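Here is what each chain is made of, one letter per residue.
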Protein chains: 2
Amino acid sequence: MNETIETILKHRSIRQFKNEPLTEEQIRTIVSSAQAASTSSYIQAYTIIGVKDPVKKKKLAELAGPQSYVEENGHFFVFCADLYRHEKIGEWEKADVIPSLESTEKFMVAMIDASLAAQNASIAAESMGMGICYIGGIRNDLETVSELLGLPDRVIPLFGLAVGFPEGNSDVKPRLPMESIYHEDSYQSDEKSMKEGLDRYDETISAYYHARTAGKRSDRWTEQMAKMLSGKKRMYMKEFVEKKGFNKR
Amino acid sequence: MNETIETILKHRSIRQFKNEPLTEEQIRTIVSSAQAASTSSYIQAYTIIGVKDPVKKKKLAELAGPQSYVEENGHFFVFCADLYRHEKIGEWEKADVIPSLESTEKFMVAMIDASLAAQNASIAAESMGMGICYIGGIRNDLETVSELLGLPDRVIPLFGLAVGFPEGNSDVKPRLPMESIYHEDSYQSDEKSMKEGLDRYDETISAYYHARTAGKRSDRWTEQMAKMLSGKKRMYMKEFVEKKGFNKR
């Protein structure tokens, strides 16, 4: 196994960081790595905001949870889907780009582009001995995040990425059995074998929590999912993204 | 610079592969790497289909372009956003998960999850000396792709990933200047400086094409984007994803 794959496989989210800000050079390396990711038709439909202002970080930490590690880390990035630049290009080049920008297709493209870039950033940071944590919690209130970061229309924040040198450690969390998520030639939708795979996984997860909480927790994965998905979370999202000019047609 | 960052920074898409199928072990390493990526609230909302059947590969290659490298490669993956498993979990656990599954928020979560996994797969493959190419072209006809791969509702193919050992080489394509996509604390929407950055980039890109085509091509990036975005491509997407149970509320 090479070093890169080793880095990838030992990923675990880090939620406590040393008080050691990243250097400008480290930030540049991480951003260059993000930019090196593939991009659909060369569109590069994302922007990354690095948040240094302590007031803004504090505010983001509150609305995301509160989650202290959004405030206390080596650096905090916000990855945004961005078609604002492309709207401007349409004006300069006198091209009618609006229907395209407002399509669900381009909403997907921008989200995929930003996510590929973010994962490159994560792997680059982890390869330098840093830890990372994705922060979906900023989606609790994207209107406030957008104001805070001065985002124009056609730009939406997707998630944060806290980066820094780990304080303490955490465990690698077991993933679904490979047979559950990787199929060859055809999707395996047979309910019985799907359930068998998930039953086995439930046992693994239950044991994982049991061991790590001295028996206080032993929830199954399917139970967790059912609970999490019963909460109607962030149901404002459809309206929000449309208001910002995405996913309209 | 460490090996991982070197791998990341030298990425270029590969569109011609040696006739050398990946081994089962290589496929497992790539899929394990994909699975190690971060996942929103542990949801793991994606499925990867490995396509080996030559008839299916041929069909995918046709509808994606045609693009010969969809058919001729070491292995072809299709990354799908997947909430089908979670619908079943809702039934088994008697939880009302449907409003959540149909939300734009969860459409985003599934897309981001799948993309983070795909980028891990790509970096893992590249670290083993393979090349990759993302295939957005499968989105030309997702209905046919879905039938071909036997996808149930609540599963949508997002993109393909062709992987294999490169035949020949290609160049690293210059990305936007870092100042254009990375801002600190606030989005830099000032039109004048945005235009200056893109003008400089246009010169770079124009020279890049000029050098590589013996002067036959010298298009600017902004020109490319305006042209590409004037085409109203894949406008069926909104209806398609809703029909499949995503992005409905």
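Residues numbered from 1 in each chain as written. Chains lettered and ligands numbered in written order. Predicted model: local features only at pLDDT ≥ 70, side-chain atom pairs only at ≥ 80, totals over all residues. Heavy atoms only, no water.

1. Some remarks on the overall build of chain A
Part 1 of the argument: Along the backbone of chain A there are twelve helices and five strands.
Part 2 of the argument: Relative to its length of 249 residues, chain A is compact, with a C-alpha radius of gyration of 20 Å against a globular reference of 18 Å.
Part 3 of the argument: Each principal axis of the C-alpha distribution contributes one length, and for chain A these read about 60 × 45 × 40 Å.
Part 4 of the argument: For chain A, the share of sequence-separated contacts (at least 6 apart) that also reach a separation of at least 24 residues comes to 79%.
Part 5 of the argument: A total of about 9500 Å² of accessible surface is found on chain A, and carbon and sulfur atoms cover 48% of it.
Part 6 of the argument: For chain A, the distance from the average position of its 34 positive side-chain charges to the average position of its 37 negative side-chain charges is 4 Å. (Helix = DSSP H or I, 4+ residues; strand = E, 2+ residues; numbered from the N terminus. Rg over C-alpha atoms; globule rule 2.2 N^0.38 Å. Contact = heavy atoms within 4.5 Å. Areas by Shrake-Rupley, 256 points an atom, 1.4 Å probe, with all protein chains shown as cover. Lys, Arg positive; Asp, Glu negative; His and termini not counted. Charge placed at Lys NZ, Arg CZ, Asp CG, Glu CD.)

2. Digging into the packing of aromatic side chains
Geometry of an aromatic ring pair is reported as the spacing of the ring centres plus the angle between the planes.
Part 1 of the argument: One pass over the full model with this rule turns up 19 aromatic pairs over all chains.
Part 2 of the argument: Ring geometry for Tyr208(A) against Tyr209(A): centres 5.5 Å apart, planes inclined by 75°, an arrangement best described as edge-to-face. Note on accessibility: Tyr208(A) and Tyr209(A) belong to one class, buried.
Part 3 of the argument: Clustering of aromatic rings is evident, with ring pairs tying together Phe77(A), Phe79(A), Tyr134(A), Phe159(A) and Tyr182(B).
Part 4 of the argument: Above the ring of Tyr42(A), the side-chain terminus of Lys173(B) is found at 4.1 Å from the ring centroid. (Phe/Tyr/Trp six-rings, centres within 6.5 Å; stacked < 30°, edge-to-face > 60°. Buried < 20%, exposed > 50% of the residue type's maximum accessible area, 1.4 Å probe, protein only. Lys NZ or Arg CZ within 6 Å of the ring centre and 35° of its normal.)

3. Some points on the interface of chain B and chain A
Part 1 of the argument: Listed by partner, the interface residues are 125 residues for chain B and 125 residues for chain A.
Part 2 of the argument: Carbon and sulfur atoms supply 62% of the area buried between chain B and chain A, which totals about 10800 Å² over both sides.
Part 3 of the argument: Linking chain B to chain A there are ten salt bridges.
Part 4 of the argument: As a salt-bridge pair, Glu191(B) and Lys88(A) come within 3.4 Å of each other at their nearest N and O atoms.
Part 5 of the argument: Across the contact surface, chain B and chain A share 64 residue pairs in polar contact (both at pLDDT 80 or more).
Part 6 of the argument: Considering each element in turn, the side of chain B that touches chain A owes the most residues, 15 residues, to helix H7 (residues 104-127) of chain B.
Part 7 of the argument: Looking at the side of chain B that touches chain A, its residues break down into 59 nonpolar, 35 polar and 31 charged.
Part 8 of the argument: Bridging between strand S5 (residues 182-184) of chain A and strand S1 (residues 46-51) of chain B involves three bridges; their strand directions are parallel. Of the residues in S1(B), the one forming a bridge with Glu184(A) is Gly50(B). (Buried area = accessible area lost by both parts, 1.4 Å probe. Salt bridge = Lys/Arg side-chain N within 4 Å of Asp/Glu carboxyl O. Polar contact = N/O pair within 3.5 Å; in protein donor to acceptor, adjacent residues only side chain to side chain. Nonpolar A, V, L, I, M, F, W, Y, C, P; charged D, E, K, R; others polar. Pairing = 2+ DSSP bridges.)

4. A look at helix H3 (residues 54-63) of chain B
Residue and element names in this part refer to chain B.
Part 1 of the argument: Residues of H3 that are buried: Lys56, Lys57, Leu60, Ala61 and Leu63.
Part 2 of the argument: Looking at the buried positions of H3, the neighbouring elements they touch are S1, helix H4 (68-71), strand S2 (75-82) and helix H8 (142-148).
Part 3 of the argument: Between the side-chain oxygen at the start of H3 and the backbone nitrogen of Val55 there is a gap of 2.8 Å, and the oxygen is on Asp53.

5. Focus: the domain arrangement of chain A
Part 1 of the argument: As assigned here, chain A comprises domain 1 (3-170 + 232-243) and domain 2 (178-218).
Part 2 of the argument: On a C-alpha basis, the centres of domain 1 of chain A and domain 2 of chain A stand 30 Å from each other. (Domains from an automatic or database assignment.)

6. Notes on a negative patch on the surface
Part 1 of the argument: On the surface, a cluster of negative charge is contributed by Glu3(A), Glu6(A), Glu3(B) and Glu6(B).
Part 2 of the argument: Within the residue set of the negative patch, elements represented by two or more residues are helix H1 (3-9) of chain A together with helix H1 (3-9) of chain B.
Part 3 of the argument: In this structure Glu3(A) comes out as partly exposed when scored by relative accessible area, which is 44%. (Patch = residues over 30% accessible without salt bridge, like charges linked within 9 Å, V, L, I, M, F, W, Y side chains within 5 Å.)

7. Focus on the relation of the copies chain B and chain A
Part 1 of the argument: When chain B is fitted to chain A, the residual RMSD is 0.0 Å, and the transformation amounts to a turn of 180° plus an axial shift of 0.0 Å. The superposition operator between the copies reduces to a two-fold rotation axis. In terms of proximity to the rotation axis, the leading residue of chain B is Thr4(B), whose C-alpha is 2.5 Å off the axis. (Least-squares fit on C-alpha atoms with pLDDT ≥ 70 in both.)

8. Here we look at the environment of Glu6(B)
All names here are of chain B.
Part 1 of the argument: Its place among the elements puts Glu6 in helix H1.
Part 2 of the argument: Overall, Glu6 belongs to the partly exposed group, its relative accessible area being 42%.
Part 3 of the argument: Along the chain, Glu6 and Ser127 lie 121 residues apart, while their C-alpha atoms are 9.3 Å from each other.

9. Side note on the pattern of salt bridges
Part 1 of the argument: Inspection of the entire model under this criterion finds 48 salt bridges over all chains.
Part 2 of the argument: A salt bridge links Lys244(B) to Glu143(B), with the shortest nitrogen-to-oxygen separation between them at 3.5 Å. Note that Lys244(B) is positioned in the segment after helix H12 (237-243) and Glu143(B) in helix H8, a separation of 101 residues in sequence.
Part 3 of the argument: Looking at Lys244(B), the relative accessible area reads 7%, which means it is buried.
Part 4 of the argument: Residue classification places Glu143(B) among the partly exposed positions, given a relative accessible area of 26%.
Part 5 of the argument: Ionic pairing is found between Glu196(B) and Lys192(B), a salt bridge with its closest N-O pair at 3.5 Å. With Glu196(B) and Lys192(B) both in helix H10 (residues 191-212) and four residues apart, the pair spans about one turn of that helix.
Part 6 of the argument: Taken together, the shared-partner salt bridges in this structure form one network comprising Glu87(A), Glu102(A), Arg154(A), Lys248(A) and Arg249(A).

10. Focus: the nonpolar core
Part 1 of the argument: Grouped together as the largest cluster of nonpolar side chains are 165 residues, with contacts concentrated most on Phe77(A) and Phe77(B).
Part 2 of the argument: In contact with Phe77(A), other than residues within four places in its own chain, are Ile27(A), Ile30(A), Val31(A), Ile48(A), Ile49(A), Gly50(A), Phe159(A), Gly160(A), Leu161(A), Val163(A) and Tyr182(B).
Part 3 of the argument: Counting residues in each nonpolar core, the second largest holds ten residues, with Ile8(A), Ile123(A), Ile5(B) and Ile8(B) among its members. (Core = buried A, V, L, I, M, F, W, Y, C linked by side-chain atoms within 4.5 Å.)

11. Some words on the sheet that holds S5(A)
Part 1 of the argument: Across the sheet, five strands lie side by side as S5(A)-S1(B)-S2(B)-S4(B)-S3(B); this open sheet has mixed pairing. Each edge of the open sheet is held by one strand with a lone partner, namely S5 of chain A together with strand S3 (131-135) of chain B. Each adjacent strand pair in this sheet contributes to an overall mean axis angle of 25°, direction not counted.
Part 2 of the argument: Taken together, the six bridges between S1(B) and S2(B) define a ladder with antiparallel strand orientation. (Axes fitted to C-alpha atoms, helices over the stretch in contact; angles between N-to-C directions.)

12. Brief notes about the sheet that holds strand S5 (residues 182-184) of chain B
Within a sheet, neighbouring strands are paired by backbone hydrogen bonds and run either parallel or antiparallel to one another.
Part 1 of the argument: Pairing within the open sheet is mixed, and its five strands lie in the order S3(A)-S4(A)-S2(A)-S1(A)-S5(B). A strand with exactly one partner marks an edge of an open sheet, and here the two such strands are strand S3 (131-135) of chain A together with S5 of chain B. Across the sheet, the axes of successive neighbouring strands diverge by a mean angle of 25°, strand direction being ignored.
Part 2 of the argument: Running at roughly 10° to strand S4 (residues 155-164) of chain A, helix H7 (residues 104-127) of chain A makes contact with strand S1 (46-51), strand S2 (75-82), S3 and S4 of chain A of the sheet.

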